[in-house]
Amino acid sequence: MKKRMMMGAAALLAVTPLAAQQAAQKPETIRVGTATEVWVLQETSGQGNTGVLVDAPARVLADHAPDGTFPNATNAVLVRRGDDVTLIDAGYGRTIFEKMAALGIAPEDVDRVLLTHMHGDHIGGMLRDGARAFPNATVALSQREYDHFSGPGNEGAARVFEAYKGSLEMLSPGEITSPMAQGFTPIAAYGHTPGHTMFMIRDGYEQLLVWGDLTHAMAIQMPHPEISVRYDSDPAVARDNRIAVLRAVAAERTPVVGMHVAATSPGQVSDNGEGGYDFRVR
Ligand SMILES: [Zn+2]
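Note that the coordinates shown come from a computational prediction; the quantities given were computed from them, not determined experimentally. (Residues numbered from 1 in each chain as written. Predicted model: local features only at pLDDT ≥ 70, side-chain atom pairs only at ≥ 80, totals over all residues. Heavy atoms only, no water.)

Caption draft 1: Structural view of the side chain of H117. Inspection of the secondary structure assignment puts H117 in the loop between β5 (112-114) and α5 (120-123). When its relative accessible area of 0% is taken as the criterion, H117 is described as buried. Here H119 takes part through its side chain, which lies 3.4 Å from a polar atom of the side chain of H117. Within the structure, the side chain of H117 is placed 3.3 Å from the side chain of D213, a separation counted as a polar contact. Excluding residues within four positions of it along the chain, H117 makes contact with D89, H122, I123, E145, H192, T193, H196 and D213. (Helix = DSSP H or I, 4+ residues; strand = E, 2+ residues; numbered from the N terminus. Buried < 20%, exposed > 50% of the residue type's maximum accessible area, 1.4 Å probe, protein only. Polar contact = N/O pair within 3.5 Å; in protein donor to acceptor, adjacent residues only side chain to side chain. Contact = heavy atoms within 4.5 Å.)

Caption draft 2: Geometry of the environment of V54. For V54, the location among the structural elements is in the loop between β2 (36-49) and α3 (58-64). For V54 and R31, which are 23 residues apart along the polypeptide, the C-alpha to C-alpha distance reads 36 Å. Not counting the four nearest positions on each side in its chain, V54 is found in contact with I227, S228, V229 and R230.

Caption draft 3: Seen up close, the coordination of the zinc ion. Bound to the zinc ion on the protein side are D121 (OD), H122 (NE2), D213 (OD) and H260 (NE2), at distances that span 2.1 to 2.3 Å. Coordination at the zinc ion is irregular, judged from the four donor atoms that bind it and the angles of 85 to 177° they form at the metal. Sequence spacing among the residues donating to the zinc ion works out to D-H-x90-D-x46-H. Taken as a pair, H122 in helix α5 and D213 in the loop between β12 (206-210) and α9 (218-221) lie far apart in primary sequence, 91 residues in all. Pair check on accessibility: H122 and D213 agree, each one buried. (Donors = N, O, S within 2.8 Å, 3.2 Å for Na, K, Ca; no water. Tetrahedral: all angles 85-135°; square planar, octahedral: opposite > 155°, others 65-115°.)

Caption draft 4: Focus on the environment of P27. Looking at the element boundaries, P27 is found in the loop between α2 (18-24) and β1 (30-32). Classification of P27 by relative accessible area gives buried; the value is 13%. Taking the C-alpha atoms as reference points, P27 and M180, 153 residues apart in sequence, are found 26 Å from one another. Setting aside residues no more than four positions away along its own chain, P27 makes contact with W39, V40, L41, K99 and L103.

Caption draft 5: Molecular detail of the sheet that holds strand β8 (residues 138-142). Read from one edge of the open sheet, seven strands run β1-β2-β3-β4-β5-β8-β9, paired in mixed fashion. Two strands bound the open sheet, and with one partner strand each, they are β1 and β9 (168-171). Taking each pair of neighbouring strands and ignoring which way they run, the sheet shows an average axis angle of 25°. The sheet contact formed by β2 and strand β3 (residues 69-81) spans 13 bridges and is antiparallel. Among the inter-strand pairings, E37 is bridged to a residue of β3, identified as R80. (Pairing = 2+ DSSP bridges. Axes fitted to C-alpha atoms, helices over the stretch in contact; angles between N-to-C directions.)

Caption draft 6: The packing of aromatic side chains, seen in detail. Tallied over the full model, the rule gives three aromatic pairs. Taking the centre distance of 4.6 Å and the plane angle of 55° together, the rings of Y146 and F161 count as tilted. Of this pair, Y146 sits in helix α6 (residues 143-149) while F161 sits in helix α7 (residues 155-163), placing them 15 residues apart in sequence. Centroid distance W211 to F279: 6.3 Å. Interplanar angle 40°. Geometry classified as tilted. Of this pair, W211 sits in the loop between β12 and α9 while F279 sits in strand β15 (residues 277-281), placing them 68 residues apart in sequence. A residue is classified by how much of its surface remains accessible, and W211, at 0% relative accessible area, is buried. A cation over an aromatic ring shows up here: R81 above the ring of F184, its NZ or CZ 5.8 Å from the ring centre. Against the face of F97 rests R128, its NZ or CZ located 3.8 Å from the ring centre. (Phe/Tyr/Trp six-rings, centres within 6.5 Å; stacked < 30°, edge-to-face > 60°. Lys NZ or Arg CZ within 6 Å of the ring centre and 35° of its normal.)

Caption draft 7: Expanded view of α7. Looking only at α7, the buried set comprises A157, V160 and F161. Each buried residue of α7 lies within a common arc of 100° when the element is viewed along its axis, so the set occupies one face. Looking at the buried side of α7, the elements it contacts are α5, β6 (127-128), β8, α6 and β9. (Arc of directions from axis to C-beta.)

Caption draft 8: Up close: the pattern of salt bridges. All chains considered together, the criterion is met by seven salt bridges. Between R31 and E37 there is a salt bridge whose closest N-O contact spans 3.8 Å. Assessed through its relative accessible area of 16%, E37 is described here as buried. A salt bridge links D203 to R81, with the shortest nitrogen-to-oxygen separation between them at 4.0 Å. Taken together, the positions of D203 in strand β11 (residues 197-203) and R81 in strand β3 put the pair 122 residues apart, joining distant regions of the chain. The exposure class assigned to R81 is partly exposed, which follows from its relative accessible area of 22%. A network of salt bridges, in which partner residues are shared, links R31, E37 and R80. (Salt bridge = Lys/Arg side-chain N within 4 Å of Asp/Glu carboxyl O.)

Next up, the structure:
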């Protein structure tokens, strides 16, 4: 019976494009404090390849990714507090608009976009037909990220900066900035890109960390956070910050979501007693 049901599901998959299926699904609501609703908008999910890991020992791969792959995803995060709407990263722009529509939120409703960094899988949704996808939004990112991606060879970032000219806000994590007034604290976690920034969502005494691209291969990087990926612009800095953040969120029991964590619910990091960490989705 179970097998027949699975075959039925497979048949459905064959006739309905995956993007449409994902779009139709209403994301689950995560609550932070009394007034904040959060949704992980998952645009892709599947298996990543361990070829992206830098200097992963064969023993580690055999233990944690014996078939050479690991669960992976691409996420953006939507936050609503009353009628104040914040988007953290914009994914590829494949299904976030449909997922937002399913929640009754239009692109015009977005008051601000907070960008963890300027890679294509985080800013793809910032433009539609070359124009601002979020006409009423301010866009905040770290000054370091802006400076780096304003340089030559970053056409995708340049188009976003141009489209949102006049609506950009530069963040220096550690300084008081306007997103803080709305409950978003930027936290520097450089290394994946020169200005990669996490955002802590706060409501009263509750918080949720959106850690962006702190990790890309959870199955390997939780037990072995010392292993970076080829996408990290400075693998050593990325490693040091990853280890520091994991230590902190494990000690504080801070729930987390991430842009390449294959879960749409918050996870809890805990020390595994062997120099690494466990990650459990709550
Ligand atoms: Zn990414």
